[in-house]
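Close look at the chain arrangement
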Amino acid sequence: MFVFDFRKEFYEVVQNQRVLFFVASDVDALCACKILQALFQCDHVQYTLVPVSGWQELETAFLEHKEQFRYFILINCGANVDLLDILQPDEDAVFFVCDSHRPVNVVNVYNDNQIKLLIKQDDDLEVPAYDDIFRDEDEEEEEEHSGDEHDQGLEPSGKRTRLEEEIVERTLRRRQRREWEARRRDILFDYEQYEYHGTSSAMVMFDLAWMMSKDLSDMLWWAIVGLTDQWVQDKITQMKYVTDVGILQRHVSRHNHRHEDEEHALSVDCTRISFEYDLRLVLYQHWSLHDSLCNTCYTAARLKLWSLHGQKRLQEFLADVGLPLKQAKQKFQSMDISLKENLLEMIEESANKFGMKDMRVQTFSIHFGFKHKFLASDVVFATLSLMESPEKDDSGMGHFIQALDSLSRSNLDKLYRGLELAKRQLRATQQTIASCLCTNLVISQGPFLYCALTEGTPDVSLFSKPASLSLLSRHLLKSFVCSVRSRTKNRRCKLLPLVMAAPLCVEQGTVTVVGIPPETDGSDRKNFFGRAFEKAAEGTNSRTLHNHFDLSVIELKAEDRSKFLDALVSLLS
C-alpha cells in the first residue's frame, strides 16, 4: 500500500527499531541511502546496510538476515515485482519500499499489511482498480455451491426446473468470469507493458527530511545528485527533469537565504550550492575543453566526431568561438582568465550555428571552501565510475563503499579518483561508438537495431556492467541517429530502438543484453524491452537470467543468442 504520511507511517515506526536496508547499485539509490543514514544518525537509529546489485543478491541477503530483523527498507529495488512472492517472508515482516522503477506491481499496491510504498503520489501511476484485478475466491465458491442447497426438499419436477435454471446461471457466471479474466489480462498488459522511472528516490528521502525540519545542505546536494543521475542516464523526460529542478531550486534558495547571516558563510570549509545555467559538456572544469567536447555524447554526435569531416567541423567550431587550439587543449583551470569570462556565451552562440541548440542546461554546482567546485553531473559520473570500476573487488562490497564514501565532502580524494576513472570510461565510450559506426556494426533487424561487442574489442571489460553498457547503448543510438539524418536511405532506422550485447563472462559463455527505446524528440523514455525479453526467452527456452532491477537488462548464454534474437524479431514485427 502507498504511505501518505512518511513521517508518521514510516519514520516514527522504524525510529525505535533495528532495521535492515537493501540499497541498489545506482547513484540515485546511493544518494537516498546517504540522506537516510544522516537522518538515522541524528536519531540514533540502529541499522544494517546491505548493497544488492540484483534479485539473486537480494534473496540471498534476505535469507541470511531475516531472523534478526522485522523491518526492512529497500531503496530502488522491489517495487516493480511481487516482493512477497520472491522473498517468501514471515507474516510479521514489514517492507518499506522507496523505488523509482515503474510500473509498481499491483500486488504490492494492494497489500496493506506487509508492503509500504514510499512513493510520491504526484507521479502519474495509473494503477488499475482493485476490483478489475482481484476477485474474492470465497464468493465464487459460495456461488458454485449455492444451487445444491436450494435443490433439497423440492419435488422431482421442481428439481428439474431448478436444475435447468441452475445450469443457465452457472453457464452465465462462467462466461462472466471468462470475460472478467480476459479484461484483467488486457488491463495488466497495458499497465505492465512499459518500464519507466518516477521521482528520484533521493528527492523522496529529502522531502522526508524537509518535513521533519532536519534537511541539511549535504542532504539537499545528495537529492540534486540523485535527480541529475536520472537525467544523465535518460531515465526521465526533459519535462520531468525541469519540473524537479524547479522544486530543488526553491530549496536551494531557502538554504542559501538561511545561511546568509551565519558566521561560517565565508569560511574556508563552507559548503555553497548554486543553481546555474551551464555548458552541456562533461567534466570540462576538471579536464580540457577539447577533451570534453570530444567525449560529450551531445557534441560528439552532432559534430559526427567519428569521421574526418567531424574532426574538421570541431576545428571550425573552436575557430568560430575564438578559442586557440593551444588554450582548448590545456586544463580548463589553466586557461586564460580573459577567455573564461565570457566562455559560456561564446560557446552557446557558436553552437547554435553548428546545430547544437541545447548547449546550455539547467544544473547545480557545489563549492567546498574556495578551491573545490563540482557540477552535479561531475559527481554522477565520478560515483558511477567508482561503483562499476573494472578493478577486481574481492569483498564484493568494496566498489559500493568507495562510491558511497565519494559523496561525502570529507572524502574528496575519492571523488577526484572517480573523476579520473570517469574520464577513462568516457574516452572508451566514444572510441567504441566510433568503432561501431565506422565498421557498420549497428545493423537493422527489422523492428529494432542490433549491435554486438565481441571479446577482444578494446576496453570491452568496461562495458560488462549494466549501467555502463546502458550509457554506451544510449550514446551509440544518439550518434547513429545523427549519422543517418543526412542520408536518404535508412531514414526509418532513426525511429528504431536498439538492442546491444557485450561479453560478460568468457568462462561461462554469457553476454549482457540491454534494450534501449527509440531516440525521438518527444520520447517519453518508456521501455518495452523488459516484457519482450521475458516472452522471447520463454518462447525459445533460451538460458537467460533476469537478475537486474531494470527489466530491460538480462544475462544470456552466448550460444542461445541467435534463437533469442529471432524470437525477439518475430515478437516485435
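Residues numbered from 1 in each chain as written. Predicted model: local features only at pLDDT ≥ 70, side-chain atom pairs only at ≥ 80, totals over all residues. Heavy atoms only, no water.

Going by what an unreviewed UniProt entry lists, the chain is known as Cell division control protein 45 homolog isoform X1 and is assigned to Camelus bactrianus.

1. Considerations on the overall build of the chain
Operational definition: Helical segments are the DSSP runs of H or I of at least four residues, strand segments are the runs of E of at least two, and each set is numbered from the N terminus. C-alpha atoms define the radius of gyration, and 2.2 Å times the number of residues to the power 0.38 defines the globule rule. Relative accessibility thresholds used throughout: buried, under 20% of the residue-type maximum; exposed, over 50%; partly exposed, between the two (1.4 Å probe, protein chains only). In what follows, a contact means two residues having at least one pair of non-hydrogen atoms within 4.5 Å. Surface accessibility follows the Shrake-Rupley procedure with a 1.4 Å probe radius. Residue values consider only the protein chains on display as shielding. Within this scheme the basic residues Lys and Arg register as positive and the acidic residues Asp and Glu register as negative, but His and the chain ends are omitted. Charge coordinates come from a single atom per side chain, which is NZ of Lys, CZ of Arg, CG of Asp or CD of Glu.
The number of helices and strands found in the chain is 23 helices and 16 strands. The C-alpha radius of gyration of the chain comes to 27 Å, within 12% of the 25 Å expected for a compact globule of 573 residues. Taken along the three principal axes of its C-alpha coordinates, the chain extends 105 × 65 × 45 Å. Every one of the 573 residues in the chain was classed for burial, and the buried ones make up 54%. A separation threshold of at least 6 residues defines the contact pool for the chain, and within that pool the share at least 24 residues apart is 71%. A total of about 26,900 Å² of accessible surface is found on the chain, and carbon and sulfur atoms cover 48% of it. A distance of 8 Å separates the average location of the 67 positive side-chain charges in the chain from that of its 89 negative side-chain charges.

2. Observations concerning empty space enclosed by the protein
With a probe scaled to a water molecule rolled over the atoms, the places where space remains empty come into view. Selection criterion: In this analysis the probe radius is 1.4 Å and the grid spacing 1 Å, with only protein atoms considered; a cavity is a set of points the probe fits into but cannot get out of, a pocket is an open set with protein on both sides within 12 Å along at least five of seven lines, and lining residues have an atom within 4 Å of a point. Grid points are joined across faces, edges and corners, and a volume is the space filled by probe spheres set on the points. Charged residues are taken to be Asp, Glu, Lys and Arg, nonpolar residues to be Ala, Val, Leu, Ile, Met, Phe, Trp, Tyr, Cys and Pro, and polar residues to be all remaining types, Gly included.
Under the criterion given, the structure shown has five cavities of 30 Å³ or more. Empty space within the largest cavity amounts to approximately 110 Å³. If you go around the largest cavity, the residues you meet are Phe381, Leu384, Ser385, Ala422, Gln425, Leu426, Thr429, Ser468, Leu471 and Leu472. Elements with a minimum of two residues in the lining of the largest cavity: α18 (376-387), α20 (412-438) and α21 (466-485). Broken down by element, the residue count for the lining of the largest cavity peaks at four residues, all from α20. When the residues that make up the lining of the largest cavity are grouped by side-chain class, the tally is six nonpolar, four polar and no charged.

3. Here's the deal with the pairing of strand β12 (residues 449-452)
Each regular strand carries side chains that alternate between the two faces of the sheet. Rules: A strand pair is defined by DSSP finding two or more bridges across the two strands.
The two faces of β12 match: Leu449 and Cys451 on one face and Tyr450 and Ala452 on the other face are all buried. Linking two consecutive strands that pair antiparallel, namely strand β11 (residues 443-444) and β12, is a turn of four residues; a positive phi of about 110° is found at glycine 446 within it. Pairing analysis gives four bridges linking β12 to strand β13 (residues 498-505), with the strands arranged parallel. Within β13, the position partnered with cysteine 451 by the bridge is methionine 500.

4. What about the sheet that holds strand β6 (residues 115-117)?
What counts here: Note on definitions: angles span 0 to 180 degrees between N-to-C directions of axes, and those axes are lines fitted to C-alpha atoms, for helices only across the stretch in contact.
On the basis of which strands lie adjacent, the open sheet formed by five strands has the order β2-β1-β3-β4-β6 and parallel pairing. The open sheet is flanked by β2 (46-52) and β6, the only strands paired with a single partner. The average angle at which neighbouring strand axes cross in this sheet is 20°, direction not considered. Bridge count between strand β4 (residues 94-98) and β6: three bridges; the pairing is parallel. Paired with phenylalanine 95 across the two strands is isoleucine 115, which belongs to β6. In this fold helix α3 (residues 55-65) packs onto β1 (18-24), β2, β3 (71-75) and β4, with an angle of close to 150° to the strand it touches most, β2.

5. Digging into the layout of surface pockets
Volume-wise, the largest pocket comes out at about 1,200 Å³. Ser25, Ser53, Glu388, Pro466 and His548 are, among the 44 residues lining the largest pocket, the residues nearest its centre. The set of elements that each furnish at least two residues to the lining of the largest pocket consists of β2, α3, β7 (196-197), α19 (398-406), α21, β14 (510-516) and β16 (553-557). Top contributing element to the lining of the largest pocket by residue count: α21, with four residues. The volume enclosed by the second largest pocket comes to roughly 950 Å³. Among the elements of the structure, α10 (217-232), α11 (238-259), α13 (297-303), β9 (360-368), α18 and α21 are those that each provide at least two residues to the lining of the second largest pocket. The greatest single-element share of the lining of the second largest pocket, amounting to five residues, is contributed by α21. Class assignment of the residues belonging to the lining of the second largest pocket gives a composition of 16 nonpolar, ten polar and ten charged.

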